[in-house]
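Observations on the model geometry
One-letter residues, chain by chain:
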Amino acid sequence: MNEHYEILALKYARNDRPASQNFIGGDAHDHSMPIDYYVWVIRNEARTIVVDTGFNPQSGARRGRELITPVHTALSAVGVEFDAVEHVITTHMHYDHAGNNDLFPNACFYMQESEMRFATGPCMCHHFLNHPYEVDDVTGMVRRIYAGKVSFCMGDRELFPGITVHHVGGHSRGLQCVRVETKRGPVVLASDASHLYEHFQSGRVFPTCDSVSDAVMGYSRLKELAGKDSHIVPGHDPDVMNRYPAFNAQTAGFAVKLDEDEQAPGS
């Protein structure tokens, strides 16, 4: 029998932008459509897993992102002890998902082999392809490989009872989503397999993309894994903070519980 987990989404940053920047081909209305930045925590009595580590303040500042709650502050507020974390899932190596790995000196990092191969291969000779990555984040992961602190996944893999990762690709060569068993059923952390709800609902694609066809096909994979659309959590949608209840009163506004059912609008 699968174990059940609590899942927290922690909002740490924001970027105001027009809708045209969120879709290949732009947007006919081009209204304001900001994106938020998240890291996630999966835990139960047996284990705590951090999913992605966000961008560091220097990288975010260079890219014009607004840091709201630093990642280490948000994690501390929900009771995560950095030295005690033994498992970190890296959905992909883009700057906003792999920028604070040093917070977890004792952790093993789980990532797709194809992502590391891409991030250290010939495609990185081209700025158009390497700009979502930070070289220090990539070289830091290489050092972890040599230290025996990276476990590579090749496609779908069960990491622990009730937690599986699934290669999706599309947005990045080795992008993986995470499926988690909770008291409300399976929940899929899409990460950047769908930045916004509108991406998987409409079939449109975010402009930073390694393979448009893999991104579009990935939406069907997310729906298959989740069983219902309401159990898919996109990687950057501000509405996540409105759809789910706060972790507690002190963290309202930056930490919500994804293992709870979605709230009715305005509740």
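Structure first, text after, so check above.
Everything numeric here is computed off the predicted structure, so don't read it as measured data.

Between the first and last C-alpha of helix H5 (residues 135-146) there are 17 Å, a value that for twelve residues agrees with the 16 Å anticipated at 1.5 Å per step. Among all positions of H5, only Asp137, Val138, Gly140, Met141 and Arg144 are buried. When H5 is viewed along its axis, its buried side chains cluster within an angular range of 160° and face the same direction. Opposite the buried face of H5, by more than 90 degrees, sit the exposed residues Val135, Asp136, Arg143 and Tyr146. At the C-terminal side of H5, Gly148 shows a positive phi close to 75°.

The grouping of Ile24, Val212 and Val216 at the surface amounts to a nonpolar patch, some 220 Å² of accessible area in total. By relative accessible area, Val216 is classed as partly exposed at 34%.

This next bit is on the environment of Arg221. Mapped onto the elements, Arg221 comes out in helix H7 (residues 212-226). Residue classification places Arg221 among the partly exposed positions, given a relative accessible area of 22%. As for Arg221 and His167, which are separated by 54 residues in sequence, their C-alpha atoms are 9.6 Å apart. Those residues in contact with Arg221 that lie beyond four places of it in its chain are Asp156 and His166.

Counted according to the given criterion, the structure contains nine aromatic pairs. Seen in terms of ring centroids, Phe55 and Tyr95 are 6.0 Å apart; in terms of plane orientation they differ by 20°. Their pairing is stacked. One end of the pair, Phe55, is in the loop between strand E3 (48-51) and helix H1 (57-62); the other, Tyr95, is in the loop between strand E5 (87-89) and strand E6 (108-112), and 40 residues separate them in sequence. Classification of Tyr95 by relative accessible area gives buried; the value is 7%. Each residue in the set Tyr12, Tyr37, Phe55 and Tyr95 is aromatic and connected to the rest through ring pairs, giving one cluster. The ring of Tyr95 is capped by Arg63, whose NZ or CZ atom sits 4.0 Å from the centre of that ring. Sitting over the ring of Phe23, Arg204 keeps its end group 3.9 Å from the ring centre.

With that out of the way, let us pick up the pattern of salt bridges. Under the defined criterion, the tally for this structure stands at 20 salt bridges. Close ionic contact of Asp16 with Arg14 constitutes a salt bridge, the shortest N to O distance being 3.0 Å. Residue classification places Arg14 among the partly exposed residues on the basis of a relative accessible area of 24%. Asp259 serves as the salt-bridge partner of Lys257, at 3.3 Å between the closest nitrogen and oxygen.

Now for unusual backbone geometry. For Asp30, which is not glycine, the phi dihedral falls at a positive 50°. Tracing the backbone through its elements, the reader meets Asp30 in the loop between strand E1 (6-15) and strand E2 (35-43). Judged by its relative accessible area of 36%, Asp30 is partly exposed. With a phi angle near 50°, Ser191 is a residue other than glycine that sits in the positive phi range.

Most of strand E11 (residues 185-191) is tucked away, with seven of its seven residues classed as buried. Here five bridges tie strand E10 (residues 176-182) to E11, and the two strands are oriented antiparallel to one another. Among the inter-strand pairings, Val180 is bridged to a residue of E11, identified as Val187. Linking E10 to E11, which pair antiparallel, is a turn of two residues. With three bridges connecting them, E11 and strand E12 (residues 232-234) associate as parallel partners. Bridging across to E12, Leu189 finds its partner in Val233.

Working note: α-helix, 3.6 residues per turn, so residues spaced by three or four point in the same direction. Between the first and last C-alpha of H7 there are 22 Å, a value that for 15 residues agrees with the 21 Å anticipated at 1.5 Å per step. Looking at H7, one finds that the buried residues are Ala215, Gly218, Tyr219, Leu222, Leu225 and Ala226. Summarising the contacts, the buried residues of H7 are in contact with strand E9 (163-167), E10, E11, helix H6 (197-202) and E12. In the segment just after H7, Gly227 is the residue with positive phi, at about 85°.

About the criteria used
- Residue numbers here run from 1 along each chain, matching the order of that chain's written sequence.
- It should be noted that, the model being predicted, local features are given only for residues of pLDDT at least 70 and side-chain atom pairs only at 80 or more, the latter also being counted only at that level, while totals for whole chains, interfaces and linings use all residues.
- Just so you know, side-chain values use all the structure's heavy atoms and leave hydrogens and water out.
- We count a stretch as a helix when DSSP gives it H or I for four or more residues in a row; a strand needs E for two or more, and each element gets its number in order from the N terminus.
- Given a helix with a known number of residues, its expected span is that number minus one, times 1.5 Å.
- For every residue, the accessible area (1.4 Å probe, protein chains only) is compared with the maximum for its type, and the residue is labelled buried under 20%, exposed over 50%, or partly exposed between those bounds.
- Along the arc lie the directions from the helix axis toward the C-beta atoms.
- Patches draw on residues past 30% relative accessible area with no salt bridge. Two like charges within 9 Å are joined, as are two nonpolar side chains (Val, Leu, Ile, Met, Phe, Trp, Tyr) within 5 Å.
- Residue-level accessible areas treat just the shown protein chains as cover; the underlying method is Shrake-Rupley with a 1.4 Å probe.
- Any carboxyl oxygen of Asp or Glu within 4 Å of a side-chain nitrogen of Lys or Arg constitutes a salt bridge here.
- Contacts are assigned to residue pairs that have any heavy atoms within 4.5 Å of one another.
- Aromatic contacts are taken between Phe, Tyr and Trp rings whose centres are within 6.5 Å, Trp giving its six-membered ring; a plane angle under 30 degrees counts as stacked, one over 60 as edge-to-face, and the others as tilted.
- Geometrically, a lysine NZ or arginine CZ counts as sitting over a ring once it is within 6 Å of the ring centre and also within 35 degrees of the ring normal.
- Should DSSP find at least two bridges between two strands, the strands are taken to pair.

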